[in-house]
Every structure is written in structure tokens, then in C-alpha cells.
Amino acid sequence: MFVSKAAVVGGGTMGGEIAQAIAAADIPVVVKDIDRKFVDAAVEKARAVTEGQLARLVKKEKLTQAQADARLAEVMGLVTGTTTYEEFGDVDFVVEAVPERMEIKQAVFRELDAATPGHAILASNTSSLSITEMAETTLRTDKVVGFHFFYPASVMPLVEVIAGEDTSEETATVAYNFAQAIKKQPIVCGEVPGFVVNRILMATIGEIWRAQEEQGLSLKAIDEAIAGAQLAPMGPFFLTDLLGLDTVLHVAEHLAESYGETFYVHQGLKQLVADGKLGAKSGGEGFFKDGEQNVPGEAEPDAEEMVAMFTCRALIEACLLVEEGVCSVRDIDVGMMAGAGLDPRKGLLPPFWKADVEGLDQVLERMEGLRERHGDRFSPPVLLRRLVAQGRLGMAAGQGFYPYPRPDEGEQAETVKLETRGEVAIAWLANAPMNAVSPDVIRDLGAVWERVKAADGVGAMVIASSIPLVFSAGADIKAFTQMDESGGEELIHTAHALLRDFGQAGVATVAAVNALAFGGGCELAMACDVRIAAEAAVFGQPEVKLGIIPGFGGTQRLPRLVGPNKALEMNLVGDAILAGEALESGLANRVAPDHELFETALMWGRKLASQAPVAVEQIKRVSHAGDLDQGIEAEKGGFATAFRSEDAKEGIGAFLSKRTPKWSGK
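Here goes a summary of the coordinates provided.

Cut-off values and rules
Residues numbered from 1 in each chain as written. Predicted model: local features only at pLDDT ≥ 70, side-chain atom pairs only at ≥ 80, totals over all residues. Heavy atoms only, no water. Salt bridge = Lys/Arg side-chain N within 4 Å of Asp/Glu carboxyl O. Helix = DSSP H or I, 4+ residues; strand = E, 2+ residues; numbered from the N terminus. Buried < 20%, exposed > 50% of the residue type's maximum accessible area, 1.4 Å probe, protein only. Patch = residues over 30% accessible without salt bridge, like charges linked within 9 Å, V, L, I, M, F, W, Y side chains within 5 Å. Areas by Shrake-Rupley, 256 points an atom, 1.4 Å probe, with all protein chains shown as cover. Lys, Arg positive; Asp, Glu negative; His and termini not counted. Charge placed at Lys NZ, Arg CZ, Asp CG, Glu CD. Phe/Tyr/Trp six-rings, centres within 6.5 Å; stacked < 30°, edge-to-face > 60°. Pairing = 2+ DSSP bridges. Axes fitted to C-alpha atoms, helices over the stretch in contact; angles between N-to-C directions. Contact = heavy atoms within 4.5 Å. Left-handed = near helix turned anticlockwise from the far one by under 90°. Nonpolar A, V, L, I, M, F, W, Y, C, P; charged D, E, K, R; others polar. Polar contact = N/O pair within 3.5 Å; in protein donor to acceptor, adjacent residues only side chain to side chain. Right-handed = clockwise from strand over helix to strand, strands pointing away.

### What to know about the pattern of salt bridges
Turning to step 1, where the next piece is worked out: Evaluation of the coordinates by the stated rule reveals 39 salt bridges.
Turning to step 2, where the next piece is worked out: For Glu87, the salt bridge is made with Lys5, and the minimal N-O distance between the two is 3.6 Å. With Glu87 in the loop between β3 (79-82) and β4 (93-96) and Lys5 in the segment before β1 (6-9), this pair connects stretches of sequence that are 82 residues apart.
Turning to step 3, where the next piece is worked out: For Arg199, the salt bridge identified is with Glu317, shortest N-O distance 2.8 Å. With Arg199 in helix α7 (residues 197-215) and Glu317 in helix α12 (residues 303-323), the pair connects residues that are 118 residues apart, well separated along the chain. The pair formed by Arg199 and Glu317 is uniform in burial state, with each residue classed as buried.
Turning to step 4, where the next piece is worked out: Bridged by salt links that share partners, the residues Arg199, Glu207, Arg210, Arg313, Glu317, Glu324 and Arg377 form one connected network.

As C-alpha cells, then:
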């Protein structure tokens, strides 16, 4: 299922911003509303957002004004406004963005079911309502999915892809790839009230609200304490004013109704909304007016207690989401980064990462103290207790929610670190920020491999990422384009020889794929004997989108793992597949929870290291014996031909300048 044309139902600001994101990715989009004024408002919003984006590029001298004007016309030419469903007969993906009332959404879904082709995916931009209930009004329950943008959609990168009870894996995968196509960061989660980010935010903010009203605390002092401790980009009361008090109240009341007293609704917030004081959207008056607070409270808060409550409640709710099987550790942290502005580059860490840095034993002790003072809302979750009991105390211990390198003493390579744990070696990919497969990585990985093969008693090597949120996003395109032809050929030969040796030597190899494994990263994983994937792992061979082909064995190893038909599809289409499909197709040997991935990979490493080395080597050499070498030679020639083409130059240039390529077939 591919998206060649999309639609947005629901005009106004949000509909316009969603439509703009789609059109900016060169995908035609129809915007529908029942009233022409809302349609026109959406189209004008799309125009204004596009003009602003292009103006910034002109200011940075990345575009001329003439180029910006041409691009504006191009983008807006892809946006069509309508008050009927006449344009919906050939859409592939619809985003519903009408008001957050179930009866309205169900009515829209009934209409969409009748107006769109049977293959079309119907998605809801709901922030908290049931996808399953919406789907029940259609004859395609498997093709209904949540697709939750964060406001403003033109700025916020996150899209929560929410699977209802009947949503198929294919539908979730198409939604994931569509989100990526429109330059958004998707995470996949199950259906619970509030989903991921809003549930964590409302649980956390609710504790601050409760303390403020019970103790009569100063709003400004609370906001300063939270922001000053680098727990969030801004304090909870100022944030609520920006988002809109009515919007926040709606979500807060829904979650309190769904989860009970663990979620608190601020009574002053209710009164402000009743009085029409909605924050930025109503002229600026909400919790604050001209810098002064609008609700009672002057007492100075205990800043340390506020910080403890904020961080612990966020981690508790995040752990519960994992324990309930709603979302994975990595996707929760990515969601909080992309949807709540927790940017590690600014010292703002998402819940699991932050807990690892602080030390899980310290966090557990803090939670137990909060429970004694404030009740069972702060009861430490089972997941946290289990990790502490295992001695997985966080970054300092080498493992917490994520694994962390503890390299062997002595000289280490720059982009790949070697750690030895008994009979198992770990090659830690450490080429920040995305573990791109560069010439340096090939060199350093080769050096580590030679040390591992020469080491006494080491029978297996695990390849893992030292970066919690990515395995390897692919080859370093810039580095490849800067090499001359002879240097490029030498690198290809060296890389192929290294990856071929992974599959032939007596040392077993295990890839611990924690997250994105695209292009060269996917090929690196495929060269290993075993691939253990985290629940958040995503695989793909997107080279065709750059006008080139896989260059590190992707045309040869992939069909041996998933079969020629599926491999041809993956290489021709270039879209990502999620961990479940990777397991089903044979690309992954096992799928493990994110926080158990590294332990699972080590377990496999220890098992394989305990086998007879000569037998291991011979099994690897004779298994699927055939024309792999011939295939790789053919791949080398094909890669060289494709890489020298005009299409490759265009594809790589488009990738580096973040635009859609225009192929010439030359």
C-alpha cells in the first residue's frame, strides 16, 4: 500500500498545517470541511506556513527569492480545498481532524468509508479517543489507525501511530512510512486513553497541579523550579497557557475519567475555561495575565520536592506503558523528545534515558520516599524494581533501560569500541549521531574484528549501538561522494571482505538491532549470523530512493533471509518494515523488549561461543552454499554503475538538500 494522494477532513489551523506537511512532501492533498470558510482558512494556513518556511531558507541564502516563489506555487498547487467528497474517489490515506467528540468522528468515518476506495487507510488525528470505536462504524476496521500530530503540526516532529484492536500490521507500517515521507518522526503504540505523550504529560502535570492547589503554591515559582532543573522546556502552567486551557482541560478530564484519582484535574483550570480565559488563543489571559497569576497561591514551593515528583511520576507512567504492552522503551523516549520538546542536546532528557543517567537505584529510593509522603501514586513499578534487582542500575553500571559501553582498557578505535565480557566480545558502534557507516567505521570495525578473532577464548561478537535511539541509519553519503573512484572501489572491496568474513569465520556474530537499521546499517546486520531485534527496531533498504542500489550485500543477503520475492519488493520500494514483519519474514531471528535486547543478544552470544569453533566455522561456510560471491561481484558492478549515474547524483543531492528528487533515467 502506497500513498500517492492524501486527504484531510477538518479545516482551520490544524487541518491546514497537516495538509501543508503533506503537500511539502510533494503529495497531492485534498482539504475538506462542511463550511467553505474553514476550508479557505486551512488553505491560507498552508500557504502562510509554506511562505514562512521558504522565507527562512531565503534568509539563510539556501534559496533565491525566485526559487522560493516557484516552490510556493508548486506546493500550493498540490492543495485542493472542497466541501464535498467528490475528490475522495482516488485517495490512499485520509487524516480526520474534526473536533474531539466521538459522535462527530464516527459520523465522519461512516462517510469516509463510503466515499473512499476500499484500499484507503482512514486515520484519526485524535489526541485521546478510541480508534477501535471509530473503526467499528466502517467496513474496514483493519485499515483504521490513529495518526496523532502535535500542535503546531508544521513545527512539532512527532506523529503517534496508534493501532486499534483490529488495525493490521500492514496498516501500521504504511502509516509509519507515510509519517516518514512527510518528514515526521513516528512512534507506534497501542490504544489506551492519552496514548503515550499526553498520558505521561498529564500524569506528571497533574501531580504539580495537585500540589499547587493543596498547598497554595506560587505558579511562577513552580514553573521556575521545573524549567530551572531542566525537566522540560518550560514550566507546566506557562505551557498550558500556550497550548490552550480548554484543550488541556479536555484531555485532563478524559484521562481522569479513564484512570481515576491518579490523574488530577486542576479546579482553577476549570474555572478559567468557564470564564473564557483560554491562554494564548484568547488574547493571552489564562493561568497568567501580564506575568501575574490568575489563580490563588503565593507560598514558595519545595523545589527539590517538585523536581522529584515531576521526574518520578513521568518515569512511573512510562514504565506502566511498557508493562501494559502499549509502547516500547525507545519509542516512549523518542515520543517525549519529539512531542514534549525534551532535547538531549539542551540537557533535557526523556524519562528512561534520564533515569539511567541518574542511577536506577537512586530513582527507586526517591520513589519510595515519595510514596511514604504522598501515597500509592508513587509506588515504584515492577519494571524498575526488576532492573535494580538485576544490578542494572543505569549508565554507570553499563546497563539500565539501555545498554552502555564499558570499553576494554587500552587503545580504542574512534568509531567502534571493543568490550570483552568473558567469551563474548561487543563491538559498540559509536559514530554519533546516527552511526553512519563511513570509511572510518569500516576501518575501525575491521580492526576490532581482527582483535576479536585473535583473542583467546572469545567465540562470539555482538554488534551493538552505543547510541540508545539508533542502530545505524545507513551509509555516510557525504563521505562516499567525496571519495575518488579508486578510493571508492577500494572501500567497497574492503567492506565486502569484512562482512563476508563475518559469515565465514569461526567466531559467531550477533547483531543487536535496537532501532533504525537502514541501508548500510541493515546490510551490516544481515552480514551477522543472528539478528536480535528490539520491539522498536525498524529495517529498510532505501537506496533506490537515492537513485542507487544497495552496495554492501543488500541485493544478495536479503533474498537469502526473506526470500527473493520479499527482497525484491524491499529493494525496489525502499520503505521501512517494523520488527514484527522482520521477524515474520525471516530478517530477524527474535524480537525482544527494548530493555531486554542487549541481554538477549548476550545470551545468544554466550550460547554460540560455547559451541565447537571448527564446527561453527564449517556450518557457517557450508550453510546455503551457492553463488553468494558471484552475486556480490555482480552487486559491485551494479552499484558502481548506479552510483556513477545522473540519477544517483540527483538522488544524493536531493537527500543532502532535503528535497524530492527528479529522476532523468540517465
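### Things to note about unusual backbone geometry
Turning to step 1, where the next piece is worked out: Geometrically, the link from Tyr151 to Pro152 is a cis peptide bond, its omega value of -5 degrees lying close to zero.
Turning to step 2, where the next piece is worked out: The residue after Ala432, namely Pro433, is reached through a cis peptide bond having omega 5 degrees.
Turning to step 3, where the next piece is worked out: By the secondary structure assignment, Pro433 is in the loop between β12 (424-429) and α17 (439-454).
Turning to step 4, where the next piece is worked out: Of note, Lys183 is a non-glycine position whose phi angle comes to about 65 degrees, a positive value.
Turning to step 5, where the next piece is worked out: For Lys183, a relative accessible area of 57% corresponds to the exposed category.
Turning to step 6, where the next piece is worked out: Residue Gln230 is not a glycine yet carries a positive backbone phi of 55 degrees.

### Some details on a negative patch on the surface
Turning to step 1, where the next piece is worked out: There is a patch of like negative charges on the surface, built from Glu133, Glu136, Glu165 and Asp166.
Turning to step 2, where the next piece is worked out: Relative to the elements of secondary structure, Glu165 occurs in the loop between β7 (158-163) and α6 (169-181).
Turning to step 3, where the next piece is worked out: Of the residues examined, Glu165 reaches a relative accessible area of 66% and is grouped as exposed.

### Section: the packing of aromatic side chains
Turning to step 1, where the next piece is worked out: Summed over the entire model, instances satisfying the criterion amount to eleven aromatic pairs.
Turning to step 2, where the next piece is worked out: Each ring, one from Phe237 and one from Phe287, has its centre 5.0 Å from the other, and the planes form 85 degrees; the classification is edge-to-face. Taken together, the residues Phe237 in helix α9 (residues 236-243) and Phe287 in the loop between α11 (267-274) and β9 (288-289) connect sequence positions 50 residues apart.
Turning to step 3, where the next piece is worked out: Aromatic pair Phe480 and Phe552: ring centres 6.1 Å apart, planes at 50 degrees, arrangement tilted. With Phe480 in helix α18 (residues 477-481) and Phe552 in the loop between β17 (538-540) and α21 (557-562), this pair connects stretches of sequence that are 72 residues apart.

### A few points about the sheet that holds β17
Turning to step 1, where the next piece is worked out: Pairing in this open sheet of three strands is mixed, and the strands run β15-β17-β18 from one edge to the other. Of all strands in the sheet, those with a lone pairing partner are β15 (516-518) and β18 (576-578), marking the two edges. For this sheet, the mean inter-axis angle between neighbouring strands, taken without regard to orientation, is 20 degrees.
Turning to step 2, where the next piece is worked out: In the sheet, β17 pairs with β18 via three bridges, with the strands oriented antiparallel. Across the sheet, Val538 pairs through a bridge with Leu578, a residue of β18.
Turning to step 3, where the next piece is worked out: Packed onto the sheet, α6 meets β15, β17 and β18 and runs at close to 135 degrees relative to β18.
Turning to step 4, where the next piece is worked out: In the packing of helix α20 (residues 520-527) onto the sheet, contacts are made with β15 and β17, and the angle to β15 comes to roughly 95 degrees.

### Quick word on the packing of helix α8 (residues 219-228) against α12
Turning to step 1, where the next piece is worked out: Taken N-terminus to C-terminus, the directions of α8 and α12 make an angle of 65 degrees; their axes are 9 Å apart at the nearest point. The hand of the α8/α12 crossing is right-handed. Contacts between α8 and α12 involve Ile222, Ala225 and Ile226 from the first element and Ala303, Met306, Val307 and Phe310 from the second.
Turning to step 2, where the next piece is worked out: Taken together, the residues of the contact of α8 with α12 break down into seven nonpolar, no polar and no charged.

### What to know about the environment of Ser466
Turning to step 1, where the next piece is worked out: Structurally, Ser466 can be placed in the loop between β13 (460-465) and α18.
Turning to step 2, where the next piece is worked out: In the structure, Ser466 is positioned 185 residues away from Lys281 in sequence and 43 Å away in space, judged by C-alpha atoms.
Turning to step 3, where the next piece is worked out: In this structure, Ser466 is in contact with Pro405, Trp428, Leu429 and Ala430, ignoring residues within four places of it in sequence.
Turning to step 4, where the next piece is worked out: A distance of 2.7 Å separates a polar atom in the side chain of Ser466 from the backbone oxygen of Leu429.

### Brief notes about the pairing of β12
The side chains of a regular strand alternate, first on one face of the sheet and then on the other.
Turning to step 1, where the next piece is worked out: The buried count for β12 comes to six of six residues, which makes it a mostly enclosed element.
Turning to step 2, where the next piece is worked out: On β12, burial covers both faces: Val424, Ile426 and Trp428 on one face and Ala425, Ala427 and Leu429 on the other are all buried.
Turning to step 3, where the next piece is worked out: Between strand β11 (residues 416-421) and β12, which follow one another and run antiparallel, lie two residues, and Gly422 among them has a positive phi close to 65 degrees.
Turning to step 4, where the next piece is worked out: Pairing between β12 and β13: six bridges, direction parallel. Considered in β13, the bridge of Trp428 is made with Ala464.
Turning to step 5, where the next piece is worked out: Each parallel crossover has a hand, and the one from β12 via α17 to β13 is right-handed.

### Examining the side chain of Thr82
Turning to step 1, where the next piece is worked out: Tracing the sequence through the fold places Thr82 in strand β3.
Turning to step 2, where the next piece is worked out: For Thr82, a relative accessible area of 9% translates into the label buried.
Turning to step 3, where the next piece is worked out: Those residues in contact with Thr82 that lie beyond four places of it in its chain are Val30, Val31, Lys32, Asp33, Arg36, Val39 and Phe88.

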